[in-house]
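These are the residues of each chain, in order.
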Amino acid sequence: MRLVILGAAESGIGAAVLGQKKGYDVFVSDNGKIKEHYKAVLDAHNIAWEEGGHTESLVLNADEVVKSPGIPETVPMVRKLRTQGTPVLSEIEFAGRYTKARTVCITGSNGKTTTTSLIYHIMKKAGFNVGLAGNIGRSFALQVAEDDKDWYVIELSSFQLDDMYDFRADVAVLLNITPDHLDRYDFKMENYVDSKMRILQNQHAADAFIYWQQDEHIGRKLEYLQPECRQLGFSDAENATCSAFIGGEGITLKVGEGISIDFDNIRLQGKHNMRNCMAAALAALCAGAKEKDVREGLADFPGIEHRLEYAGTARGVVYINDSKATNVDACYCALESMKTPVVLILGGLDKGNDYAAIAPLVREKCRALVFLGVDNRKLQDFFADFPQPKCEVRSMADCVRACADFAQAGDTVLLSPCCASFDLFNNMEDRGEQFKENVRELGEH
(Lines give C-alpha, C1' and ligand atoms only; values in the text may rest on other atoms or scores of the structure.)
Protein backbone atom coordinates (compact mmCIF):
# COMPACT_ATOMS: atom_id res chain seq x y z
CA MET A 1 0.00 0.00 0.00
CA ARG A 2 1.35 3.39 -1.01
CA LEU A 3 0.59 6.25 1.40
CA VAL A 4 1.22 9.83 0.28
CA ILE A 5 1.28 12.65 2.82
CA LEU A 6 0.40 16.13 1.54
CA GLY A 7 1.88 18.72 3.87
CA ALA A 8 4.95 18.14 6.04
CA ALA A 9 4.09 19.90 9.29
CA GLU A 10 3.23 18.33 12.66
CA SER A 11 0.28 16.22 11.52
CA GLY A 12 1.90 15.12 8.27
CA ILE A 13 5.15 14.04 9.86
CA GLY A 14 3.29 12.04 12.50
CA ALA A 15 1.18 10.29 9.86
CA ALA A 16 4.32 9.47 7.85
CA VAL A 17 6.06 7.86 10.82
CA LEU A 18 2.96 5.89 11.79
CA GLY A 19 2.38 4.83 8.20
CA GLN A 20 5.90 3.51 7.85
CA LYS A 21 5.61 1.63 11.14
CA LYS A 22 2.43 -0.04 9.86
CA GLY A 23 4.13 -1.20 6.66
CA TYR A 24 3.07 1.43 4.13
CA ASP A 25 5.31 2.68 1.32
CA VAL A 26 5.33 6.32 2.46
CA PHE A 27 6.07 9.46 0.45
CA VAL A 28 5.79 13.02 1.80
CA SER A 29 5.15 15.98 -0.51
CA ASP A 30 4.99 19.65 0.48
CA ASN A 31 4.30 22.54 -1.86
CA GLY A 32 6.34 24.83 0.37
CA LYS A 33 9.57 24.47 2.28
CA ILE A 34 9.78 21.77 4.96
CA LYS A 35 11.22 22.88 8.30
CA GLU A 36 14.64 21.45 9.04
CA HIS A 37 13.62 19.57 12.17
CA TYR A 38 10.84 17.83 10.24
CA LYS A 39 13.29 16.89 7.48
CA ALA A 40 15.51 15.37 10.17
CA VAL A 41 12.63 13.18 11.40
CA LEU A 42 11.86 11.98 7.87
CA ASP A 43 15.51 11.27 7.13
CA ALA A 44 15.95 9.41 10.41
CA HIS A 45 13.10 7.11 9.39
CA ASN A 46 14.31 6.83 5.77
CA ILE A 47 11.05 8.30 4.48
CA ALA A 48 11.18 9.82 0.98
CA TRP A 49 10.10 13.44 0.68
CA GLU A 50 9.97 16.44 -1.62
CA GLU A 51 9.43 20.16 -1.09
CA GLY A 52 8.68 23.16 -3.26
CA GLY A 53 5.94 21.43 -5.28
CA HIS A 54 4.07 18.19 -5.89
CA THR A 55 5.31 15.70 -8.48
CA GLU A 56 2.12 14.31 -10.02
CA SER A 57 3.54 10.90 -10.85
CA LEU A 58 4.64 10.42 -7.23
CA VAL A 59 1.36 11.61 -5.71
CA LEU A 60 -1.39 10.36 -7.99
CA ASN A 61 -0.22 6.74 -7.67
CA ALA A 62 -1.17 6.71 -3.97
CA ASP A 63 -3.58 4.15 -2.56
CA GLU A 64 -4.45 6.64 0.17
CA VAL A 65 -3.54 10.24 0.93
CA VAL A 66 -3.32 11.97 4.30
CA LYS A 67 -3.86 15.70 3.74
CA SER A 68 -2.81 18.52 6.03
CA PRO A 69 -5.90 20.36 7.34
CA GLY A 70 -4.44 23.62 6.04
CA ILE A 71 -4.66 22.50 2.40
CA PRO A 72 -8.00 23.53 0.84
CA GLU A 73 -10.04 21.39 -1.51
CA THR A 74 -9.43 23.90 -4.31
CA VAL A 75 -5.74 22.94 -4.65
CA PRO A 76 -5.32 21.32 -8.11
CA MET A 77 -3.57 18.21 -6.76
CA VAL A 78 -6.39 17.56 -4.27
CA ARG A 79 -8.97 17.96 -7.04
CA LYS A 80 -7.13 15.44 -9.20
CA LEU A 81 -6.99 12.95 -6.33
CA ARG A 82 -10.71 13.36 -5.67
CA THR A 83 -11.53 13.02 -9.36
CA GLN A 84 -9.68 9.73 -9.68
CA GLY A 85 -11.29 8.40 -6.51
CA THR A 86 -8.23 8.22 -4.25
CA PRO A 87 -9.26 8.29 -0.56
CA VAL A 88 -8.12 11.54 1.13
CA LEU A 89 -8.05 11.40 4.94
CA SER A 90 -7.11 13.52 7.90
CA GLU A 91 -4.26 12.51 10.18
CA ILE A 92 -6.84 11.96 12.95
CA GLU A 93 -8.81 9.50 10.81
CA PHE A 94 -5.62 7.64 9.85
CA ALA A 95 -4.21 7.43 13.40
CA GLY A 96 -7.57 6.36 14.82
CA ARG A 97 -7.28 3.04 12.99
CA TYR A 98 -4.23 2.03 14.99
CA THR A 99 -5.14 2.77 18.59
CA LYS A 100 -7.62 1.31 21.06
CA ALA A 101 -7.44 4.48 23.14
CA ARG A 102 -10.62 6.31 24.11
CA THR A 103 -10.99 9.92 23.06
CA VAL A 104 -12.40 13.23 24.19
CA CYS A 105 -12.74 15.41 21.08
CA ILE A 106 -13.39 19.15 21.16
CA THR A 107 -14.49 21.50 18.42
CA GLY A 108 -16.20 24.87 18.12
CA SER A 109 -15.57 28.25 16.56
CA ASN A 110 -14.12 29.64 19.80
CA GLY A 111 -12.70 28.28 23.03
CA LYS A 112 -11.33 25.01 21.63
CA THR A 113 -7.75 25.35 22.83
CA THR A 114 -8.68 26.59 26.30
CA THR A 115 -11.25 23.83 26.80
CA THR A 116 -9.01 21.11 25.35
CA SER A 117 -6.11 22.18 27.57
CA LEU A 118 -8.35 22.34 30.63
CA ILE A 119 -9.77 18.83 30.06
CA TYR A 120 -6.26 17.49 29.61
CA HIS A 121 -5.16 19.31 32.78
CA ILE A 122 -7.99 17.77 34.82
CA MET A 123 -7.43 14.27 33.44
CA LYS A 124 -3.68 14.43 34.12
CA LYS A 125 -4.43 15.57 37.64
CA ALA A 126 -6.80 12.60 37.97
CA GLY A 127 -4.02 10.20 37.01
CA PHE A 128 -5.16 9.23 33.52
CA ASN A 129 -2.62 7.92 31.00
CA VAL A 130 -3.62 10.64 28.55
CA GLY A 131 -2.20 12.42 25.51
CA LEU A 132 -2.93 15.91 24.14
CA ALA A 133 -3.33 16.06 20.36
CA GLY A 134 -4.99 17.57 17.32
CA ASN A 135 -4.43 21.29 16.82
CA ILE A 136 -2.48 21.36 20.07
CA GLY A 137 0.35 19.27 21.45
CA ARG A 138 2.19 16.54 19.56
CA SER A 139 0.73 14.85 16.51
CA PHE A 140 -1.91 12.25 17.38
CA ALA A 141 -0.40 9.86 14.82
CA LEU A 142 3.12 10.25 16.21
CA GLN A 143 1.92 9.51 19.74
CA VAL A 144 0.08 6.41 18.51
CA ALA A 145 3.28 5.32 16.73
CA GLU A 146 5.73 5.94 19.55
CA ASP A 147 3.93 6.16 22.90
CA ASP A 148 0.29 5.15 22.64
CA LYS A 149 -1.99 6.24 25.49
CA ASP A 150 -5.20 4.99 27.10
CA TRP A 151 -6.94 8.31 26.43
CA TYR A 152 -6.43 11.25 24.09
CA VAL A 153 -7.87 14.75 24.40
CA ILE A 154 -8.03 16.03 20.83
CA GLU A 155 -8.76 19.54 19.57
CA LEU A 156 -10.40 19.37 16.14
CA SER A 157 -10.88 22.08 13.55
CA SER A 158 -13.61 21.97 10.93
CA PHE A 159 -10.91 21.20 8.37
CA GLN A 160 -9.90 18.04 10.24
CA LEU A 161 -13.52 16.98 10.67
CA ASP A 162 -14.10 17.33 6.93
CA ASP A 163 -11.71 14.44 6.23
CA MET A 164 -12.88 12.13 9.03
CA TYR A 165 -15.22 9.26 8.19
CA ASP A 166 -15.00 6.22 10.52
CA PHE A 167 -13.35 7.90 13.52
CA ARG A 168 -15.54 8.03 16.63
CA ALA A 169 -15.29 10.25 19.71
CA ASP A 170 -16.20 8.61 23.02
CA VAL A 171 -16.85 12.08 24.42
CA ALA A 172 -17.57 14.84 21.88
CA VAL A 173 -17.67 18.53 22.84
CA LEU A 174 -19.13 21.24 20.58
CA LEU A 175 -18.65 24.63 22.22
CA ASN A 176 -20.37 26.94 19.73
CA ILE A 177 -20.78 27.66 16.03
CA THR A 178 -20.24 31.24 14.88
CA PRO A 179 -19.14 32.50 11.45
CA ASP A 180 -15.52 31.52 10.78
CA HIS A 181 -13.50 30.19 7.85
CA LEU A 182 -16.43 30.93 5.55
CA ASP A 183 -13.94 31.44 2.72
CA ARG A 184 -13.32 27.67 2.91
CA TYR A 185 -17.06 26.87 2.83
CA ASP A 186 -18.24 28.83 -0.23
CA PHE A 187 -19.23 31.64 2.15
CA LYS A 188 -22.23 29.52 3.23
CA MET A 189 -22.83 29.25 6.96
CA GLU A 190 -24.79 26.02 6.51
CA ASN A 191 -21.73 24.29 5.04
CA TYR A 192 -19.62 25.36 8.01
CA VAL A 193 -22.30 24.20 10.48
CA ASP A 194 -22.48 20.79 8.79
CA SER A 195 -18.71 20.48 9.12
CA LYS A 196 -18.77 21.17 12.86
CA MET A 197 -21.62 18.72 13.44
CA ARG A 198 -19.44 15.90 12.07
CA ILE A 199 -18.02 15.64 15.61
CA LEU A 200 -21.17 13.59 16.33
CA GLN A 201 -20.75 11.05 13.55
CA ASN A 202 -20.48 7.38 14.53
CA GLN A 203 -21.24 7.97 18.22
CA HIS A 204 -22.93 5.10 20.08
CA ALA A 205 -25.67 5.24 22.70
CA ALA A 206 -23.09 5.00 25.50
CA ASP A 207 -21.07 7.95 24.16
CA ALA A 208 -21.52 11.52 25.33
CA PHE A 209 -22.15 14.69 23.34
CA ILE A 210 -21.61 17.93 25.28
CA TYR A 211 -22.81 21.19 23.72
CA TRP A 212 -23.85 24.77 24.38
CA GLN A 213 -27.65 24.71 24.48
CA GLN A 214 -28.09 28.35 23.50
CA ASP A 215 -26.37 27.97 20.16
CA GLU A 216 -29.06 28.30 17.48
CA HIS A 217 -27.24 26.16 14.93
CA ILE A 218 -26.51 23.21 17.23
CA GLY A 219 -30.07 22.94 18.53
CA ARG A 220 -31.57 23.04 15.05
CA LYS A 221 -29.18 20.36 13.76
CA LEU A 222 -29.77 18.11 16.76
CA GLU A 223 -33.50 18.13 16.07
CA TYR A 224 -32.77 17.04 12.52
CA LEU A 225 -30.05 14.46 13.28
CA GLN A 226 -31.59 12.95 16.46
CA PRO A 227 -28.36 11.22 17.54
CA GLU A 228 -28.58 8.22 19.85
CA CYS A 229 -25.70 9.30 22.11
CA ARG A 230 -26.17 10.79 25.57
CA GLN A 231 -26.62 14.58 25.28
CA LEU A 232 -25.41 16.97 27.97
CA GLY A 233 -26.10 20.65 27.40
CA PHE A 234 -24.56 23.58 29.24
CA SER A 235 -26.24 26.95 29.52
CA ASP A 236 -25.84 30.49 30.80
CA ALA A 237 -28.95 29.97 32.96
CA GLU A 238 -30.66 26.97 34.50
CA ASN A 239 -33.36 25.22 32.50
CA ALA A 240 -35.09 21.86 32.71
CA THR A 241 -32.80 20.03 30.32
CA CYS A 242 -29.34 21.50 30.91
CA SER A 243 -26.59 19.50 32.61
CA ALA A 244 -24.58 22.55 33.71
CA PHE A 245 -25.36 26.24 34.10
CA ILE A 246 -24.04 29.59 35.30
CA GLY A 247 -25.98 30.95 38.25
CA GLY A 248 -25.54 33.02 41.37
CA GLU A 249 -21.91 33.04 42.42
CA GLY A 250 -20.61 30.17 40.32
CA ILE A 251 -21.35 27.23 38.07
CA THR A 252 -23.47 24.19 38.83
CA LEU A 253 -23.07 20.74 37.32
CA LYS A 254 -26.28 18.69 37.47
CA VAL A 255 -24.56 15.30 37.51
CA GLY A 256 -24.87 12.75 40.30
CA GLU A 257 -25.92 14.61 43.41
CA GLY A 258 -24.86 17.92 41.84
CA ILE A 259 -21.68 19.99 42.08
CA SER A 260 -21.49 23.73 42.69
CA ILE A 261 -18.23 25.63 42.24
CA ASP A 262 -17.86 29.31 43.19
CA PHE A 263 -16.36 31.76 40.70
CA ASP A 264 -13.69 32.53 43.31
CA ASN A 265 -12.50 28.92 43.02
CA ILE A 266 -12.14 29.05 39.21
CA ARG A 267 -8.87 30.38 37.80
CA LEU A 268 -10.28 31.52 34.45
CA GLN A 269 -12.48 34.60 34.28
CA GLY A 270 -15.22 35.92 31.98
CA LYS A 271 -18.57 34.48 30.86
CA HIS A 272 -17.04 32.79 27.81
CA ASN A 273 -14.56 31.01 30.07
CA MET A 274 -17.34 29.85 32.39
CA ARG A 275 -18.85 28.12 29.36
CA ASN A 276 -15.47 26.54 28.62
CA CYS A 277 -15.20 25.42 32.24
CA MET A 278 -18.66 23.82 32.23
CA ALA A 279 -17.86 21.94 29.03
CA ALA A 280 -14.50 20.80 30.37
CA ALA A 281 -15.94 19.70 33.70
CA LEU A 282 -18.72 17.68 32.05
CA ALA A 283 -16.25 16.05 29.65
CA ALA A 284 -13.81 15.10 32.41
CA LEU A 285 -16.63 13.63 34.50
CA CYS A 286 -17.88 11.64 31.51
CA ALA A 287 -14.35 10.27 31.08
CA GLY A 288 -14.30 9.12 34.70
CA ALA A 289 -12.64 11.96 36.61
CA LYS A 290 -13.81 12.57 40.17
CA GLU A 291 -15.39 15.70 41.60
CA LYS A 292 -12.18 16.43 43.53
CA ASP A 293 -10.12 16.37 40.31
CA VAL A 294 -12.53 18.74 38.58
CA ARG A 295 -12.51 21.20 41.46
CA GLU A 296 -8.71 21.21 41.72
CA GLY A 297 -8.26 21.45 37.96
CA LEU A 298 -10.54 24.46 37.63
CA ALA A 299 -8.78 26.14 40.56
CA ASP A 300 -5.18 25.83 39.34
CA PHE A 301 -5.41 25.76 35.53
CA PRO A 302 -2.86 28.35 34.32
CA GLY A 303 -4.56 29.29 31.03
CA ILE A 304 -3.01 29.16 27.57
CA GLU A 305 -0.61 31.26 25.58
CA HIS A 306 -2.01 33.84 23.12
CA ARG A 307 -5.50 33.72 24.65
CA LEU A 308 -6.15 36.79 26.83
CA GLU A 309 -2.52 36.41 27.94
CA TYR A 310 -0.96 39.15 30.05
CA ALA A 311 1.89 40.56 27.95
CA GLY A 312 3.21 43.23 30.29
CA THR A 313 2.66 46.72 31.67
CA ALA A 314 4.35 49.83 30.33
CA ARG A 315 3.76 53.41 31.51
CA GLY A 316 0.72 52.35 33.48
CA VAL A 317 -0.92 50.60 30.49
CA VAL A 318 -1.67 46.85 30.53
CA TYR A 319 -1.05 44.91 27.32
CA ILE A 320 -3.09 41.76 26.58
CA ASN A 321 -2.15 39.24 23.89
CA ASP A 322 -5.27 37.64 22.41
CA SER A 323 -3.71 36.67 19.08
CA LYS A 324 -5.79 33.47 19.02
CA ALA A 325 -8.88 35.64 18.48
CA THR A 326 -9.02 35.02 14.73
CA ASN A 327 -12.76 35.61 14.34
CA VAL A 328 -15.32 38.19 15.42
CA ASP A 329 -16.92 36.14 18.18
CA ALA A 330 -13.57 35.59 19.91
CA CYS A 331 -12.91 39.32 19.85
CA TYR A 332 -16.41 39.93 21.25
CA CYS A 333 -15.63 37.66 24.21
CA ALA A 334 -12.35 39.46 24.82
CA LEU A 335 -13.92 42.91 24.72
CA GLU A 336 -16.77 41.78 26.96
CA SER A 337 -14.24 40.82 29.65
CA MET A 338 -12.41 44.18 29.61
CA LYS A 339 -12.94 46.44 32.65
CA THR A 340 -10.91 49.50 31.55
CA PRO A 341 -10.81 51.70 28.41
CA VAL A 342 -9.33 49.73 25.51
CA VAL A 343 -7.02 50.48 22.62
CA LEU A 344 -8.04 47.68 20.26
CA ILE A 345 -5.83 46.13 17.59
CA LEU A 346 -7.77 44.63 14.68
CA GLY A 347 -6.79 43.28 11.31
CA GLY A 348 -5.08 40.63 9.26
CA LEU A 349 -6.42 38.27 6.63
CA ASP A 350 -10.19 38.75 6.59
CA LYS A 351 -12.21 35.51 6.44
CA GLY A 352 -15.56 36.97 5.42
CA ASN A 353 -16.01 38.77 8.73
CA ASP A 354 -19.06 40.79 9.74
CA TYR A 355 -17.89 43.28 12.38
CA ALA A 356 -21.42 44.31 13.37
CA ALA A 357 -21.36 41.97 16.39
CA ILE A 358 -18.55 43.88 18.09
CA ALA A 359 -19.75 47.36 17.09
CA PRO A 360 -21.64 48.12 20.37
CA LEU A 361 -18.68 47.01 22.51
CA VAL A 362 -16.25 49.03 20.39
CA ARG A 363 -18.39 52.13 20.85
CA GLU A 364 -18.73 51.52 24.59
CA LYS A 365 -15.26 50.36 25.58
CA CYS A 366 -12.64 51.46 23.04
CA ARG A 367 -10.56 54.61 23.27
CA ALA A 368 -8.87 54.05 19.91
CA LEU A 369 -8.56 51.53 17.06
CA VAL A 370 -5.35 50.37 15.42
CA PHE A 371 -5.67 48.43 12.15
CA LEU A 372 -2.77 46.01 11.63
CA GLY A 373 -2.70 44.41 8.19
CA VAL A 374 -1.70 44.53 4.55
CA ASP A 375 -5.19 45.53 3.41
CA ASN A 376 -7.28 47.45 5.98
CA ARG A 377 -9.95 48.79 3.61
CA LYS A 378 -12.80 46.69 5.03
CA LEU A 379 -11.98 47.76 8.59
CA GLN A 380 -11.61 51.38 7.56
CA ASP A 381 -14.96 51.33 5.79
CA PHE A 382 -16.86 49.61 8.60
CA PHE A 383 -15.52 51.78 11.43
CA ALA A 384 -15.36 55.02 9.43
CA ASP A 385 -18.22 56.67 11.36
CA PHE A 386 -17.03 55.60 14.80
CA PRO A 387 -15.81 58.53 16.91
CA GLN A 388 -12.61 56.91 18.16
CA PRO A 389 -9.26 57.97 16.71
CA LYS A 390 -7.82 55.37 14.32
CA CYS A 391 -4.65 54.54 12.48
CA GLU A 392 -3.36 51.77 10.25
CA VAL A 393 0.03 50.07 10.46
CA ARG A 394 1.83 47.29 8.65
CA SER A 395 4.29 46.04 11.25
CA MET A 396 4.01 44.98 14.88
CA ALA A 397 6.62 47.50 15.97
CA ASP A 398 4.62 50.38 14.48
CA CYS A 399 1.45 48.88 15.94
CA VAL A 400 2.70 48.81 19.53
CA ARG A 401 4.13 52.34 19.23
CA ALA A 402 0.79 53.62 17.94
CA CYS A 403 -1.06 51.94 20.79
CA ALA A 404 1.31 53.48 23.33
CA ASP A 405 0.59 56.92 21.86
CA PHE A 406 -3.18 56.44 22.06
CA ALA A 407 -3.32 54.79 25.51
CA GLN A 408 -3.57 56.57 28.85
CA ALA A 409 -2.45 55.26 32.24
CA GLY A 410 -5.00 52.73 33.45
CA ASP A 411 -6.01 51.65 29.93
CA THR A 412 -5.65 48.23 28.34
CA VAL A 413 -4.13 47.60 24.91
CA LEU A 414 -5.82 44.52 23.48
CA LEU A 415 -4.51 42.54 20.53
CA SER A 416 -7.69 40.69 19.49
CA PRO A 417 -7.49 40.89 15.72
CA CYS A 418 -10.66 39.08 14.46
CA CYS A 419 -8.61 37.93 11.47
CA ALA A 420 -6.07 35.33 10.41
CA SER A 421 -2.42 36.27 10.70
CA PHE A 422 -0.97 35.11 7.39
CA ASP A 423 -0.78 38.49 5.66
CA LEU A 424 2.06 39.74 7.89
CA PHE A 425 3.01 36.81 10.14
CA ASN A 426 3.85 33.11 9.88
CA ASN A 427 0.89 32.20 12.11
CA MET A 428 -1.05 33.49 15.09
CA GLU A 429 1.74 32.38 17.45
CA ASP A 430 4.26 34.49 15.54
CA ARG A 431 1.89 37.46 15.75
CA GLY A 432 1.50 37.01 19.50
CA GLU A 433 5.22 36.54 20.10
CA GLN A 434 6.06 39.70 18.13
CA PHE A 435 3.46 41.60 20.13
CA LYS A 436 4.94 40.43 23.44
CA GLU A 437 8.50 41.21 22.31
CA ASN A 438 7.59 44.74 21.27
CA VAL A 439 5.73 45.29 24.55
CA ARG A 440 8.84 44.18 26.46
CA GLU A 441 10.97 46.62 24.47
CA LEU A 442 8.46 49.37 25.14
CA GLY A 443 8.72 48.72 28.87
CA GLU A 444 12.49 49.01 28.74
CA HIS A 445 12.38 52.62 27.51
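Look above for the structure.
Residues numbered from 1 in each chain as written. Predicted model: local features only at pLDDT ≥ 70, side-chain atom pairs only at ≥ 80, totals over all residues. Heavy atoms only, no water.

J.: Can you help me understand the overall build of the protein in this one?
T.: Secondary structure summary: the protein contains 17 helices and 20 strands in total. Relative to the globule expectation of 22 Å for 445 residues, the C-alpha radius of gyration of the protein, 22 Å, shows essentially globular dimensions. Its C-alpha atoms give the protein principal-axis dimensions of about 65 × 55 × 40 Å. Sorting the 445 residues of the protein into buried and exposed places 57% on the buried side. Approximately 18500 Å² of the protein is accessible, and the part contributed by carbon and sulfur atoms is 48%. Between the mean site of the 49 positive side-chain charges and the mean site of the 64 negative ones, the protein shows a separation of 1 Å. (Helix = DSSP H or I, 4+ residues; strand = E, 2+ residues; numbered from the N terminus. Rg over C-alpha atoms; globule rule 2.2 N^0.38 Å. Buried < 20%, exposed > 50% of the residue type's maximum accessible area, 1.4 Å probe, protein only. Areas by Shrake-Rupley, 256 points an atom, 1.4 Å probe, with all protein chains shown as cover. Lys, Arg positive; Asp, Glu negative; His and termini not counted. Charge placed at Lys NZ, Arg CZ, Asp CG, Glu CD.)

J.: I keep staring at helix α4 (residues 76-83) and nothing clicks. Help me out?
T.: Note that an α-helix has 3.6 residues per turn; residues three or four places apart therefore point the same way. Where α4 is concerned, the buried positions are Met77, Val78 and Leu81. What you see down the axis of α4 is that its buried residues fit within an arc of 100 degrees, all on one side. Opposite the packed face of α4, turned more than 90 degrees from it, sit the exposed residues Pro76 and Thr83. Next to the buried residues of α4 lie β1 (2-6), α3 (56-59), β4 (64-67) and β5 (88-89). Just downstream of α4, Gly85 is the residue with a positive phi angle, here 85 degrees. (Arc of directions from axis to C-beta. Contact = heavy atoms within 4.5 Å.)

J.: I'm lost on the nonpolar core in this one. Help?
T.: It is characteristic of soluble globular proteins that their nonpolar side chains tend to be buried jointly. Of all hydrophobic cores here, the largest spans 51 residues; its most connected members are Phe140, Ile154 and Phe209. Ranked by size, the runner-up nonpolar core spans 41 residues in total, among them Leu118, Ile119, Ile251 and Ile261. (Core = buried A, V, L, I, M, F, W, Y, C linked by side-chain atoms within 4.5 Å.)

J.: Teacher, can you tell me more about helix α17 (residues 428-443) here?
T.: A rise of 1.5 Å per residue sets the reference length of α17, with its 16 residues, at 22 Å; its end C-alpha atoms lie 23 Å apart and thus fit the reference within 8%. For α17, the full list of buried residues reads Met428, Asp430, Arg431, Gly432, Phe435, Lys436, Asn438, Val439 and Leu442. Taken together, the buried residues of α17 touch β15 (309-314), β16 (317-321), β17 (342-346), α16 (396-406) and β20 (412-415). Here α17 starts with a cap whose side-chain oxygen sits 3.2 Å from the backbone nitrogen of Glu429, and that cap is Asn427. (Expected span 1.5 Å × (residues − 1). Polar contact = N/O pair within 3.5 Å; in protein donor to acceptor, adjacent residues only side chain to side chain.)

Interpretation note: all reported values are geometric properties and have no functional meaning in isolation.
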